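Geometric and topological summary
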Amino acid sequence: MVTTLLVFVVALALIFDYTNGFHDAANSIATIVSTKVLTPFQAVLMAAVFNFAAYFFIKDHKVANTVAKIVNEHFITLHVILAGLIAAITWNLTTWWFGIPSSSSHTLIGGFAGAGITNALYLGLPGLDAVNMHYILTIIAYIVLAPFIGLIIAYFITILILHICKRAKPATADRWFKRLQLVSAAALSFAHGTNDAQKVMGILYVALIASKIIPSGSAMPEWIPLACYTAIALGTMSGGWKIVKTMGSKITKITPLEGVAAETAGAVTLFITERLAIPVSTTHTITGSIIGVGLTKRVSAVRWGVTINLVWAWIITIPISALIAGLVFVTMHAIR
């Protein structure tokens, strides 16, 4: 039955999706803003449109199904979901405030898993019984693999473009790559929508199962993807300017040519992982792509001090989110 708690969980999930949008807006627009191809307003508007456009093309929701299976069904309650969402929103807003491009995907997954583990401990069972370690280990592996794949693809795309255009006039090439960057940024925004909006879909789906609104294994209600794509698109339109600055200029200096290479590499990586049903971080992916572009110039072109700080943020996101979720769950259990 529909309860006040379920309504609150649904609302909080969509709020998280909104924060995911403005937190991750930088992923799609940082390079196109830093190269001055579009103004910030034009960039976020374009990104939002292509975030939402994914709704009309992605119907199998493979990533959502993976997220729904992170915590074993027997340990999922609305309080577990609520604790995970509170933890994810807390970490998202904290990292946004300090301009740290951490992963909205991993904070949601960490929060959900941490709350599930805490629930298992409360039931007197081993905490790891609550989570599906196959999915958790795959997600952890892609913390490393996704940015590395983006880095490799971006590196070789940049080398290929430089080879093809080696005799082109610089002014002509720059003009064409500014136009091409509109296409690559749109592709990255579309890919961002296909991957990131699905994570909250998985959370809402298990919330309905936990509330016995729908039976386990049933089809996802159509309002869930529509609501999630809308929320993430609206969040993208709000932007995340502190993170744009970090992504667009602090890692390495980006030209339109390099912007095309980085965005194309990021989009390709996200399309691949979406097809493999792996919920990866758009933030990690595009950061790796930007580093790959920088490496084509020289190793010192990448500001490794900034990059190392970002890597530390990636490493601690899942455990900190899990810890916050556990504390929230304990607090809710104490006051119930």
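Conventions we followed
- Residues numbered from 1 in each chain as written.
- Predicted model: local features only at pLDDT ≥ 70, side-chain atom pairs only at ≥ 80, totals over all residues.
- Heavy atoms only, no water.
- Helix = DSSP H or I, 4+ residues; strand = E, 2+ residues; numbered from the N terminus.
- Buried < 20%, exposed > 50% of the residue type's maximum accessible area, 1.4 Å probe, protein only.
- Contact = heavy atoms within 4.5 Å.
- Core = buried A, V, L, I, M, F, W, Y, C linked by side-chain atoms within 4.5 Å.
- Axes fitted to C-alpha atoms, helices over the stretch in contact; angles between N-to-C directions.
- Left-handed = near helix turned anticlockwise from the far one by under 90°.
- Nonpolar A, V, L, I, M, F, W, Y, C, P; charged D, E, K, R; others polar.
- Parallel < 35°, antiparallel > 145°, perpendicular 65-115°, else oblique.

Examining the side chain of Thr285
When you line up the elements, Thr285 lands in helix α11 (residues 282-295). On the accessibility criterion, Thr285 (0% relative accessible area) is buried. Here Thr285 is in contact with Ala146, Pro147, Gly150, Gly266, Thr269, Leu270 and Val280, once residues within four sequence places are set aside.

What to know about the nonpolar core
The tendency in soluble globular proteins is for nonpolar side chains to be buried side by side. Formed by 57 residues in total, the largest nonpolar core has its most connected members in Ile70, Ile81, Leu85, Phe112 and Met201. Those elements that place two or more of their residues in this core are α1 (4-34), α3 (62-68), α4 (78-97), α5 (104-122), α6 (133-164), α7 (170-210), α8 (223-238) and α12 (304-335). Excluding anything up to four places from it in sequence, Ile70 contacts Ile109, Phe112, Ala113, Ala130, Val131, Asn132, Ile136 and Ile139. With 21 residues, the next largest nonpolar core counts Tyr142, Ala191, Leu257 and Ile290 among its residues.

Quick word on the packing of α6 against α11
Where α6 contacts α11, the two axes come as close as 7 Å, and the packing angle between them is 35 degrees. Judged by the twist between their axes, the crossing of α6 over α11 is right-handed. Here Ile143, Ala146, Pro147, Gly150, Leu151, Ala154, Tyr155 and Thr158 of α6 lie close against α11, whose contacting residues are His284, Thr285, Gly288, Ser289, Ile291, Gly292, Val293 and Leu295. Split by residue class, the contact of α6 with α11 holds nine nonpolar, seven polar and no charged.

Overview of unusual backbone geometry
The phi torsion at Lys212 lies on the positive side, around 60 degrees, for a residue other than glycine. In this structure, Ala277 takes a positive phi of about 65 degrees despite not being glycine. For Ala277, the location among the structural elements is in the loop between α10 (256-275) and α11. A relative accessible area of 17% means that Ala277 is categorised as buried.

A few points about the environment of Ser321
With respect to the helices, strands and loops of the structure, Ser321 is situated in helix α12. Take Ser321: its relative accessible area is 0%, and that puts it in the buried class. Taking C-alpha positions, Ser321 is 9.6 Å from Asn92, a pair spaced 229 residues apart along the chain.

Overview of the environment of Met332
Mapped onto the elements of the fold, Met332 is located in helix α12. By relative accessible area, Met332 is classed as buried at 12%. Separated by 252 residues in sequence, Met332 and Val80 have C-alpha atoms that sit 9.7 Å apart. Apart from the residues within four sequence positions on either side, Met332 is in contact with His79, Leu82 and Ala83.

Concerning the environment of Val37
Note on placement: Val37 falls in the loop between α1 and α2 (40-53). For Val37 and Leu182, which are 145 residues apart along the polypeptide, the C-alpha to C-alpha distance reads 7.9 Å. In this view, Val37 contacts Ile32, Lys178, Gln181 and Leu182; residues no more than four positions away in its chain are not counted.

So, the packing of α4 against α7
Two numbers describe how α4 lies on α7: the axes approach to 9 Å, and their chain directions differ by 155 degrees. If you check the angle between α4 and α7, you find them roughly antiparallel. In the packing of α4 onto α7, the handedness of the crossing is left-handed. Contacts from Leu78, Ile81 and Leu85 of α4 reach α7 at Ile203, Val206, Ala207 and Ala210. Tallied by class, residues from the contact of α4 with α7 come to seven nonpolar, no polar and no charged.

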